[in-house]
Amino acid sequence: MADGAHRRPGVRWGIAAAVGFLSSLLIAWGSAHPEFSFNRYGWLEPIMDDLGRLLPVPWDRWAIVVGVATLCVLWWQLRLRPGIAPIARPGWLLFVWVLPLLVCPPVLSGDAVLYADSGWIENHGGSVYRHGLGSAFGPFGESVHSLWRGHGVAYPALSLVVNQVVVAATGNHAYWSIVALRIPALLGVALIAACGPRIARFLTPNDPDAAGRAWWWGVLNPLVAVHFIGGAHNDALMAGVSVLAIYATVVGIQAGDTRRGRLLVWLAGPVLVGVAMALKQQGGLTVLAVAGLPILAALRATPLPARLLPYGRRTAAVTAIAVATFVALSLVTGKGFGWTAWLSLMGSAGTPAPFALLSAWGGDAVAALGADPAGFRAVVGVASNFVLLAVLAWVVVRFSDRPVAAVGWGSLAVAILGQSMHPWYFPWSLALLGLVPLTTRQRGWVAGFVMAFVTWNAVQTVLWHGG
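A brief report on the enclosed structure follows.

## Concerning the pattern of salt bridges
No. 1: Evaluation of the coordinates by the stated rule reveals nine salt bridges.
No. 2: The salt bridge involving Lys335 is made with Glu122; its shortest N-O contact spans 2.8 Å. Pair noted here: Lys335 is in the loop between α16 (308-332) and α17 (354-368) and Glu122 is in helix α5 (residues 111-123), with a separation of 213 residues, a long-range link.
No. 3: The buried category is assigned to Lys335, whose relative accessible area is 15%.

## Brief notes about the environment of Val65
No. 1: You can see Val65 is positioned in helix α3 (residues 59-77).
No. 2: Note: C-alpha distance between Val65 and Gln460 (395 residues apart in sequence) is 9.6 Å.
No. 3: Dropping the residues within four chain positions of it, Val65 is found in contact with Ala458, Val459 and Val462.

## Re the packing of aromatic side chains
No. 1: Under the definition given, this model contains 15 aromatic pairs.
No. 2: Ring geometry for Phe426 against Phe453: centres 5.6 Å apart, planes inclined by 80°, an arrangement best described as edge-to-face. Of this pair, Phe426 sits in helix α20 (residues 426-433) while Phe453 is found in helix α21 (residues 440-465), placing the two residues 27 residues apart along the sequence.
No. 3: Centre to centre, the rings of Phe453 and Trp456 are 6.3 Å apart; their planes meet at 15°, and the pair counts as stacked. Placement of the pair is Phe453 and Trp456 together in helix α21, with a separation of three residues, close to one helical turn.
No. 4: A relative accessible area of 7% places Phe453 in the buried class.
No. 5: Taken together through their ring pairs, the aromatic side chains of Phe426, Phe449, Phe453 and Trp456 make up a single cluster.
No. 6: Directly above the aromatic system of Trp13 lies the positively charged group of Arg89, at a separation of 4.7 Å from the ring centroid.
No. 7: Across the ring face of Phe399, the terminal group of Arg398 is positioned such that the distance to the ring centre comes to 5.2 Å.

## Details of unusual backbone geometry
No. 1: Here the residue pair Val57 and Pro58 is connected by a cis peptide bond, since its omega of 5° sits within 30 degrees of zero.
No. 2: Residue placement: Pro58 occurs in the loop between α2 (46-53) and α3.
No. 3: In this structure, Arg89 is a non-glycine residue whose phi angle is positive, near 45°.
No. 4: One can find Arg89 in the loop between β2 (84-85) and α4 (90-98).
No. 5: Residue classification places Arg89 among the partly exposed residues on the basis of a relative accessible area of 48%.
No. 6: The phi dihedral of Leu108 falls on the positive side, at around 55°, and the residue is not glycine.
No. 7: By secondary structure assignment, the location of Leu108 is in the loop between α4 and α5.

## Quick word on empty space enclosed by the protein
No. 1: According to the stated counting rule, one finds three cavities of 30 Å³ or more in the structure shown.
No. 2: Empty space within the largest cavity amounts to approximately 100 Å³.
No. 3: For the largest cavity, the full set of lining residues is Tyr115, Ser159, Val162, Asn163, Leu181, Pro184, Ala185, Ala232, His233, Asn234, Leu237 and Leu279.
No. 4: With three residues, helix α7 (residues 157-169) is the largest single contributor of residues to the lining of the largest cavity.
No. 5: Each residue belonging to the lining of the largest cavity can be placed in one class, and the counts come to eight nonpolar, four polar and no charged.
No. 6: Taken as a whole, the second largest cavity holds about 60 Å³ of empty space.
No. 7: Surrounding the second largest cavity, Ser37, Phe38, Gly42, Trp43, Leu44, Val113, Ser143, Ala174, Tyr175 and Ile178 form its lining.

## Overview of the packing of helix α18 (residues 374-398) against helix α19 (residues 403-417)
No. 1: Put simply, α18 and α19 touch, their axes get as near as 9 Å, and they point 170° apart. Of the possible angle classes, the one that applies to α18 and α19 is roughly antiparallel. Contact residues: α18 offers Ser384, Val387, Leu388, Val391, Leu392 and Val395, while α19 offers Ala406, Trp409, Gly410, Ala413, Val414 and Leu417.
No. 2: Here the residues of the contact of α18 with α19 are counted per class, giving 10 nonpolar, two polar and no charged.

## Details of helix α10 (residues 210-218)
No. 1: Within α10, nine of the nine residues are buried, which leaves it mostly tucked inside the rest of the structure.
No. 2: Of all the positions in α10, only Ala210, Ala211, Gly212, Arg213, Ala214, Trp215, Trp216, Trp217 and Gly218 are classed as buried.

Rules used in this analysis
- Residues numbered from 1 in each chain as written.
- Predicted model: local features only at pLDDT ≥ 70, side-chain atom pairs only at ≥ 80, totals over all residues.
- Heavy atoms only, no water.
- Salt bridge = Lys/Arg side-chain N within 4 Å of Asp/Glu carboxyl O.
- Helix = DSSP H or I, 4+ residues; strand = E, 2+ residues; numbered from the N terminus.
- Buried < 20%, exposed > 50% of the residue type's maximum accessible area, 1.4 Å probe, protein only.
- Contact = heavy atoms within 4.5 Å.
- Phe/Tyr/Trp six-rings, centres within 6.5 Å; stacked < 30°, edge-to-face > 60°.
- Lys NZ or Arg CZ within 6 Å of the ring centre and 35° of its normal.
- 1 Å grid on protein atoms, 1.4 Å probe; cavity = no way out; pocket = protein on both sides within 12 Å on 5 of 7 lines; lining within 4 Å.
- Points joined across faces, edges and corners; volume = space filled by probe spheres on them.
- Nonpolar A, V, L, I, M, F, W, Y, C, P; charged D, E, K, R; others polar.
- Axes fitted to C-alpha atoms, helices over the stretch in contact; angles between N-to-C directions.
- Parallel < 35°, antiparallel > 145°, perpendicular 65-115°, else oblique.

Next up, the structure:
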């Protein structure tokens, strides 16, 4: 690709900032309508309810969908292309985009309400694992959707601690505590923005667009603005800590065989993976990158299957440290492992995950024939786990000489082939894939999927979640 000095600018920064801001403003305004609150009294913040009602049904729904679709188109126009310079000041651009989303109600999801209620329960001596959401009858209990009320959560210990801290710090306010749960999400995105471009430059030092690629995939994509920040999802902080673990490993490699280098490679990186796991279990996949990067040259120089043995030994060692950290955090916080009892609840939200659809539709067909669908659904559940494990094994082998790509494609497989498939599962994968070169076909397929899925999800959610 031509040197940056000989490339013409693409979308002007001011236009990109204005269009992104207006798109997010539409999403925020539409989300403020009381029809999107699970509480019969609205958002419990009169100013937001009044602002939302200024955009009556169905215009509030149209505002959200148009805003999301426009943000997708804008993102595509900002992609890296031959002869076009990457957008300048991408961090500031995202900041302008998300300004309207910082104070509006949760966007296209009620998960932030669940986080707030779990924080309230834990702060008042209860256990969301044992007693379930809505059990403490606090300011958030009535806003918990009936699908989740009375059930526990599959979030691990540190995630609950974060919820406790935010809810307590904001005075348990029925609205602003929920909005404040965007603070951990913003921290996660800030970590991706700070570390991602540096990792990309380390992995592809001869690519002048390495940093721009990391910004486009990992920070500017519409899933980050709409779902990580707008939806205040706890996946954001997990993703940020995961990328930080990889960056700590990169800094350790650059420090060489010194005490500092060894501490970063063998302690900081694996421990941060354990922290990511304690925020959300999927973060454990990061061990593949933290283990593989220090021996990257050897992995690339060794053909299959010979490279799998040293890679496997090192991955086992890093995994042991990460799991020990995860267990320690679970015990020190006093939360334990009660989340394991609620893993099966993850697939009950009716997402378009392929195996979830097969289970639901196939089960309905079996029931229509007069048979018990439970057996069929159990078989589908076992089959989905088997397929996911097989795909993950293939990814590890296929990308054993590209460990960061292994985490990116592996996390994408988990998001698609797991029990549920939500749009906020994907920004982590995109942030990781943005650190490595992709083929033209891969870029097209992944970006096309992102834009189609996030737009379809907006349409589906406003129809199901609203009214």
